[in-house]
Amino acid sequence: MDNSFSIQRKQGVGVKVRRVIAYIVLIFLSFLCLFGFYILFINATRSNGDLKMGFQAYPGTQLAKNFINMLHSTQPIVRGMLNSLLVAGVSAFFCTYFSTMTAYAIHAYRFKLRNAAFTFILAIMMIPTQVTALGFIQLITKMGLMDNYIPLIVPAIAAPATFFYMKQYMDSTLPMSLVEAARIDGAGEFRIFNSIVLPMMKPAIAVQAIFTFVANWNNYFTPALVLKTEEYKTLPIMIAELRSADFLKFDMGVVYMTIAFSIFPVIIVYLILSKNIVSGLAMGAVKG
């Protein structure tokens, strides 16, 4: 009995040690992730001259001045943020909705090319955006969609990675017996999807909405090819143009303030949807 107690005690100590190590590693990784944000917000409070002298760990005194200069810069930053909100928000909504609908079609229906369709959708993930850029620009030019938000929103709906995540989550949480019961009760397929499937998929939708919103919010490559008019440009394009300004007019403090300003909508979206992230990631990663 003493040996059994000794073994249990050693196991308990081992669990505590592993837990302490895990906490230390997580704290260290959190510090690395947050340190970049700390540098960003600190530099946003300093003047261009102070930034040229090197990094300082304490805040500066130019926060209000940098903010005012940002609002009165050569780029309409507030308009750019509204443009980015429109593109990222609409893209996230349609992407998550139609990706969930596609995953439901693969999950709930049995048809001859079901596995081939699933494989084909996943194979599209292997094609980089840059490979299709030239053909994409030629296509939207012929369609008269240059300098328009449609080429930024509609292609974002077809997101294989979002579809795959939704399919995995659906395999774990959506029993076919529930769908069959709704069909027996006379519910149509769209009603089943909107009234039963979507509420069950809320955690996964919240996770993918965040990822899709951030991806479209930070997207620079495609908007830079499509948008030419100043009033239509998104925030990443304006930040890049600020950085490429004339050396004599270049103000690094304003650039840092603009980047910090552009992060706040992402933080707000994250805070709104964050309560679903843990459950959504856990269920999506494990196939029941």
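Relative to the assigned elements, Asn 218 resides in helix H11 (residues 202–218). Residue classification places Asn 218 among the exposed positions, given a relative accessible area of 51%. Taking C-alpha positions, Asn 218 is 9.6 Å from Ile 237, a pair spaced 19 residues apart along the chain.

Before going further, it helps to examine helix H7 (residues 150–157). Listed in full, the buried residues belonging to H7 are Pro 151, Leu 152, Ile 153 and Ala 156. Looking at the packing, one finds that the buried side of H7 touches helix H4 (77–108), helix H6 (133–142), H11 and helix H12 (221–226).

Take the packing of aromatic side chains next. Inspection of the entire model under this criterion finds 15 aromatic pairs. With 5.3 Å between their ring centres and 90° between their planes, Tyr 97 and Phe 98 make a pair best called edge-to-face. Judged by relative accessible area, which is 21%, Tyr 97 ranks as partly exposed. Between Tyr 104 and Phe 193, the ring centres sit 5.8 Å apart and the planes meet at 50°, which makes this aromatic pair tilted. Of this pair, Tyr 104 sits in helix H4 while Phe 193 sits in helix H10 (residues 189–200), placing them 89 residues apart in sequence.

What counts, and at which threshold
- Residues numbered from 1 in each chain as written.
- Predicted model: local features only at pLDDT ≥ 70, side-chain atom pairs only at ≥ 80, totals over all residues.
- Heavy atoms only, no water.
- Helix = DSSP H or I, 4+ residues; strand = E, 2+ residues; numbered from the N terminus.
- Buried < 20%, exposed > 50% of the residue type's maximum accessible area, 1.4 Å probe, protein only.
- Contact = heavy atoms within 4.5 Å.
- Phe/Tyr/Trp six-rings, centres within 6.5 Å; stacked < 30°, edge-to-face > 60°.

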